[in-house]
Amino acid sequence: MTQHPVAQDRTTELLISSDQRLPSAPLSSQSGRRTALVKTVSIVCSGVVSIELCPAVAGEPFPPFEAGAHIDLHLQGGMVRSYSLHNAPGEENRYAIGVLNDNASRGGSRWIHEHLRAGDHIPISSPRNLFALNELQPAHSVFVAGGIGVTPILSMLRRLVQLGRNAHVILCARSRSSAPFLDELTHLTSLGITLHTHFDDEAGGPPSLSSLLAAHQPHDHFYCCGPSPMLTNFESTCAELGFANVHVERFKAEQPVSPKIALTGHCTVELRKSGMTLEIPKNKPALQAFLDAGVDIEFSCEEGVCGACETRILEGEAEHRDSVLSGAQKAAQKSMMVCVSRCRSDRMVLDL
Ligand code: FES
């Protein structure tokens, strides 16, 4: 995306268009999947709905979740989309997501807006969290939300309110009418949260993150979820200001996945739990080979951003191409995202 950070709200879906799916891939692994009942669908603001999900089967409660977590929705036609939960952790048997009907949608958010209704049933995954809130230290937290990127931040703010902590949130949107969950954020200001809003149409342009963040302390924790240009701007601004505790939620690959080193030949991959050994070309991601062999493996984005396919490495080394693991985690070679990462060594043993 080349537009300025908040000129185009983006959906929190982790995008996989049906034409990008692996040709012979089944929907996904059955592990962790359950059916949810759509309890309510309500309009939040222009182009955004909030969807409340509850267990479809009495006595089969939803797993608990942490602030910042997301779930996958398995939609018609094999589409899988991930959406952040915006309700408070600890709320039992209820997941709430926000969905933007994005003009750039490759089908998922549009399908939800046009077809998903209260009373429908839909398969969902267990929650995963790649955007964890620092709950251990009583540090001050500062949040920057761009458009629909406010959803995981809303859950984090609710959690901080539960903990009796204060926080500051900067909500950025093109206009007041397109700012999702503005009423809910405003309500939180009576519970210890301070709110700064920036609307492009009222301010005459995009926000200056350096001036909005400069007054905060280097030991604070800084979180951002929004369009890719906003995340890039946020990270570089935090680096310039000397902020070390920086957390971002990415919904698209940081950079297009492209070969980093030339990989030739094959890798012998032993799948310890499945009792299989496969020969996989080193220049191909392993997921397709696993699916072709009938291995039960969970996956969602196939872009290396959601963490669904993370697989433990027992032996060998991977060529990491994901946006989930940190540099240190990649160097440690403890796990790999098999949807985009490749086998580097001639032999690998995976905990699969
Ligand atoms: S399926 Fe999302 S990281 Fe692999």
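Throughout what follows, the structure given in this document is the object of discussion. (Residues numbered from 1 in each chain as written. Predicted model: local features only at pLDDT ≥ 70, side-chain atom pairs only at ≥ 80, totals over all residues.)

Let us now look at the pairing of strand E14 (residues 310–315). As paired elements, E14 and strand E16 (residues 335–337) share three bridges and run antiparallel to each other. The residue bridging Glu310 from the neighbouring strand is Met337, located in E16. Where E14 meets strand E18 (residues 347–350), two bridges bridge the pair, whose relative direction is antiparallel. If you follow Glu315 over to E18, its bridge partner there is Val349. (Pairing = 2+ DSSP bridges. Helix = DSSP H or I, 4+ residues; strand = E, 2+ residues; numbered from the N terminus.)

Relative to the 20 Å expected for 14 residues at 1.5 Å per residue, helix H6 (residues 228–241) spans 20 Å between its end C-alpha atoms, a close match to the ideal helical length. Listing the buried residues of H6 in full gives Met230, Leu231, Asn233, Phe234, Thr237 and Cys238. Projected down its long axis, H6 carries its buried residues within an arc of 165°, all on one side. Facing away from the buried side of H6 by more than 90 degrees, the exposed set consists of Ser236, Ala239 and Glu240. Against strand E7 (141–146), helix H5 (209–213), strand E10 (221–225) and strand E11 (246–249) lie the buried residues of H6. Taken from the residues just after H6, Gly242 is the one with a positive phi, measuring 80°. (Expected span 1.5 Å × (residues − 1). Buried ≥ 20, exposed ≤ 12 C-beta atoms within 10 Å, placed from the backbone. Arc of directions from axis to C-beta. Contact = placed C-beta atoms within 7 Å.)

A few words now on the sheet that holds E11. Here we have five strands laid out as an open sheet, ordered E9-E8-E7-E10-E11, and parallel in their pairing. For this open sheet the edge positions go to strand E9 (193–199) and E11, each flanked by a neighbour on one side alone. Averaged over all neighbouring strand pairs, the angle between strand axes comes to 15°, with direction disregarded. When E7 meets E10, the two strands line up parallel, connected through five bridges. When the bridges of E10 are listed, Ala145 appears paired with Cys225. The sheet contacts of H6 involve E7, E10 and E11, and relative to E11 the element is tilted by about 175°. (Axes fitted to C-alpha atoms, helices over the stretch in contact; angles between N-to-C directions.)

Secondary-structure assignment places Phe181 in the loop between strand E8 (167–173) and helix H3 (182–188). Beyond its immediate stretch of four places on either side in the chain, Phe181 contacts Val44, His86, Gly98, Val150 and Leu154.

Let us look at the nonpolar core. Membership of the largest hydrophobic core comes to 59 residues, with the highest contact counts inside it found for Phe143, Ala145, Ile153, Val169, Leu171 and Cys224. Both domains that meet at this core, namely domain 1 (18–124) and domain 2 (141–249), each give it at least three residues. Other than its neighbours up to four places away in sequence, Ile153 contacts Phe143, Ala145, Val169, Tyr223 and Cys225. By size, the runner-up hydrophobic cluster in this structure holds 28 residues, among which are Ile280, Ile297, Ala308 and Cys309. (Core = buried A, V, L, I, M, F, W, Y, C linked by C-beta atoms within 7 Å. Domains from an automatic or database assignment.)

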